[in-house]
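Observations on the three-dimensional arrangement
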Amino acid sequence: MALNYIWIAFFLLAFVVALVKLVFLGDTAVFPEIINSTFASSKTAFEISLGLTGVLSLWLGIMKIGEKGGVIQLFARLLSPLFSKLFPEIPKGHPVTGSIFMNLAANMLGLDNAATPLGLKAMEGLQELNPRKDTASNPMIMFLVLNTSGLTLIPISIMVYRAQMGAAQPTDVFVPILLATFFSTMAGIIAVSLYQRINLLNRTILLFLGGTSLLIAGIIWLFLQLSREQIDLYSTTFANVFLFLVIIGFIVSGMRKRINVYDAFVEGAKEGFSTAVRIIPYLVAILVSIGVFRASGAMDFLIQGIAGVVRSCGIDDQFVGALPTALMKPLSGSGARGLMVDAMSTYGADSFVGRLACIFQGSTDTTFYILAVYFGSVSVTRTRHALSCGLIADFTGILAAIFIGYLFFN
């Protein structure tokens, strides 16, 4: 229901703002811009779905090989001690835990094209365990919040954009992004655990969180020892080697099980088209509402209002210039990316605002997009506390990004 109210609010606020601009400011172009944005956003939603079809077919085919080859079951057994605590309603050793792991691993390495189909596969598995098919289950919500918190170890695309915009040190935001996204993810886990009464003081969870913290600290230390060129080379190489190793590992597992690998791939790939078609209405709904909100100028008024409040409190408002990226990220990944590039172009790639926009871009993920696509793929309409927990993670990521940005670059 929360998503329903927010969707309606986007349109109503857009109409009010546009009406004010027309009547009091004489802006006769605002309503044509809004209508044009509905057509453009609808087209974009279809193009995204169409573009996902090939990727979905590829990765659902690979996942089917892994499923029949026993790899997914292996991951499920290895992760059973941890996932039985974070996802207590998933039976121990269930194959869906392997799919969840593969999705989270792809996200952490910044492999967006691989992460989405792997996530959709995981959602299908979670839906099979869901007793109320129209309502999000507890495991679904924990899984989605882990996605929306955007835990990323290697933000490859952001570093590439910084290099293209002429940053003297494109990788200088690597450590700040890693820290900000870590806080966002921890906030998401804690929020969901409080809602679902999951005991985070359990030994297994504490060991996992402690181990993860040590891993992130080790990665930070390692990359601080490397030059810019070495960071670019190692991060890109590692991510792509990992991705191809997954493909090879799944194929080899299928050969060991003596299954017909090609037929298994085709069987899984067939699911890609139907999944891509199912998510079109949900993508159209969310992207059109976001497009209308932006085209009306409501987003600009929101930013200006925040800047005024910040200044009136006597707080340094330097960070406000990067806020459009932060506020757009939960709504649209491509929109936030465009605003990040715009911030670097306007203020400079090595300016405080330019760097902070990059940290915002990497600290969280596209909450509304993920909820619309993932829930839409399994026809879940009642999202319960998924949105509120996702937004808590987003808000924490934004606050952490601001604090870390000032710590590193101001």
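Up top is the structure.
Quick summary incoming for the structure in this document. It should be emphasised that the depicted structure is a prediction, and the values quoted were computed from it without experimental measurement.

**Overview of the overall build of the protein chain**
- Looking only at helices and strands, one finds 18 helices and zero strands in the protein chain.
- Taking 2.2 N^0.38 as the reference for a compact globule, 410 residues should give roughly 22 Å; the C-alpha atoms of the protein chain span a radius of gyration of 22 Å, in line with that estimate.
- Taken along the three principal axes of its C-alpha coordinates, the protein chain extends 70 × 45 × 40 Å.
- In the protein chain, which comprises 410 residues, the share counted as buried stands at 54%.
- In the protein chain, once contacts between residues fewer than 6 apart in sequence are set aside, the share between residues at least 24 apart is 79%.
- Side chains of the protein chain give 26 positive and 22 negative charges; the mean places of these two sets differ by 11 Å.

**Observations concerning the nonpolar core**
- Counting residues in hydrophobic clusters, the biggest one holds 68 residues, and the most contacted among them are F87, I100, M123, F143 and F375.
- Setting aside its immediate chain neighbours within four residues, F87 contacts I100, P139, M142, F143 and L146.
- If you look at the next biggest cluster of nonpolar residues, it comprises 30 residues, including A180, A343, F352 and A401.

**Some thoughts on the layout of surface pockets**
- The volume enclosed by the second largest pocket comes to roughly 440 Å³.
- Taken together, 19 residues make up the lining of the second largest pocket; nearest its centre are L104, M108, L151, F208 and T212.
- Broken down by secondary-structure element, the contributors of at least two residues to the lining of the second largest pocket are α3 (71-86), α4 (96-108), α6 (138-148), α8 (174-196) and α9 (203-224).

**Describing the packing of α8 against helix α18 (residues 386-409)**
- The interhelical angle for the contact between α8 and α18, taken along N-to-C directions, is 150°, at an axis separation of 8 Å. What the angle tells us is that α8 and α18 run roughly antiparallel. Between α8 and α18 lies a crossing of right-handed hand. Taking contact as the criterion, the partners of V175, P176, L179, A180, F183, S184, A187, G188, A191, V192 and Y195 in α8 are, on α18, S388, C389, I392, A393, D394, T396, G397, A400, A401, I404, F408 and F409.

**Overview of the environment of I65**
- Examined against the element boundaries, I65 turns out to sit in helix α2 (residues 30-69).
- C-alpha separation for the pair I65 and V266, spaced 201 residues apart in sequence, amounts to 9.4 Å.
- Residues in contact with I65, not counting those within four places in the same chain, are F250, I251, S253, I259, V261, A264 and F265.

**Considering the pattern of salt bridges**
- Scanning all chains against the criterion turns up eight salt bridges.
- A salt bridge links K21 to D27, with the shortest nitrogen-to-oxygen separation between them at 3.7 Å.
- The exposure class of K21 is buried, given its relative accessible area of 15%.
- D27 sits in the partly exposed class, given a relative accessible area of 24%.
- Put simply, R355 and D172 hold a salt bridge, and the shortest N to O gap is 3.0 Å. On the criterion of sequence distance, the pair formed by R355 in helix α16 (residues 352-363) and D172 in the loop between α7 (156-164) and α8 is long-range, its members being 183 residues apart. Judged on exposure class, the residue R355 and its partner D172 are both buried.
- Beyond isolated ion pairs, a larger network of salt bridges with shared partners links R162, D172, D350 and R355.

**Notes on a nonpolar patch on the surface**
- Where nonpolar side chains cluster on the molecular surface, the patch consists of F15, V16, L19, V20, L22, V23, F24, L25 and F301 and spans about 870 Å² of accessible area.
- For L22, the location among the structural elements is in helix α1 (residues 2-25).
- On the basis of relative accessibility, which here comes to 32%, the residue L22 falls in the partly exposed class.

**What about the environment of L126?**
- Locating L126 in the fold gives a position in helix α5 (residues 112-129).
- The spatial distance from the C-alpha of L126 to the C-alpha of L56 is 18 Å, given a sequence separation of 70 residues.
- Discounting residues that sit within four places of it in the chain, L126 has contacts with I90, V96, I100, P139, M140 and F143.

**Remarks on unusual backbone geometry**
- Look at R197: it is not a glycine, yet its phi comes out positive at around 60°.
- Inspection of the secondary structure assignment puts R197 in the loop between α8 and α9.
- Under the relative-accessibility criterion, R197 is labelled exposed at 78%.
- Notably, S379 is not glycine yet its phi reads approximately 60°, a positive angle.
- The topology assignment puts S379 in the loop between α17 (367-377) and α18.
- A residue is classified by how much of its surface remains accessible, and S379, at 42% relative accessible area, is partly exposed.

**Observations concerning the packing of aromatic side chains**
- Under the criterion given, the structure shown has eight aromatic pairs.
- Seen in terms of ring centroids, F352 and Y406 are 4.7 Å apart; in terms of plane orientation they differ by 45°. Their pairing is tilted. With a gap of 54 residues between them, F352 in helix α16 and Y406 in helix α18 connect regions that are remote in the sequence.
- According to the relative accessible area criterion, F352 is buried, its value standing at 7%.

**Regarding helix α11 (residues 261-278)**
- Taking 1.5 Å of rise per residue, 18 residues should cover 26 Å, and α11 covers 27 Å from first to last C-alpha, within 8% of that figure.
- Of the residues that open α11, the one with a side-chain oxygen 3.3 Å from the backbone nitrogen of Y262 is N260.

Reading the values: the criteria
- Residues numbered from 1 in each chain as written.
- Predicted model: local features only at pLDDT ≥ 70, side-chain atom pairs only at ≥ 80, totals over all residues.
- Heavy atoms only, no water.
- Helix = DSSP H or I, 4+ residues; strand = E, 2+ residues; numbered from the N terminus.
- Rg over C-alpha atoms; globule rule 2.2 N^0.38 Å.
- Buried < 20%, exposed > 50% of the residue type's maximum accessible area, 1.4 Å probe, protein only.
- Contact = heavy atoms within 4.5 Å.
- Lys, Arg positive; Asp, Glu negative; His and termini not counted.
- Charge placed at Lys NZ, Arg CZ, Asp CG, Glu CD.
- Core = buried A, V, L, I, M, F, W, Y, C linked by side-chain atoms within 4.5 Å.
- 1 Å grid on protein atoms, 1.4 Å probe; cavity = no way out; pocket = protein on both sides within 12 Å on 5 of 7 lines; lining within 4 Å.
- Points joined across faces, edges and corners; volume = space filled by probe spheres on them.
- Axes fitted to C-alpha atoms, helices over the stretch in contact; angles between N-to-C directions.
- Parallel < 35°, antiparallel > 145°, perpendicular 65-115°, else oblique.
- Left-handed = near helix turned anticlockwise from the far one by under 90°.
- Salt bridge = Lys/Arg side-chain N within 4 Å of Asp/Glu carboxyl O.
- Patch = residues over 30% accessible without salt bridge, like charges linked within 9 Å, V, L, I, M, F, W, Y side chains within 5 Å.
- Areas by Shrake-Rupley, 256 points an atom, 1.4 Å probe, with all protein chains shown as cover.
- Phe/Tyr/Trp six-rings, centres within 6.5 Å; stacked < 30°, edge-to-face > 60°.
- Expected span 1.5 Å × (residues − 1).
- Polar contact = N/O pair within 3.5 Å; in protein donor to acceptor, adjacent residues only side chain to side chain.

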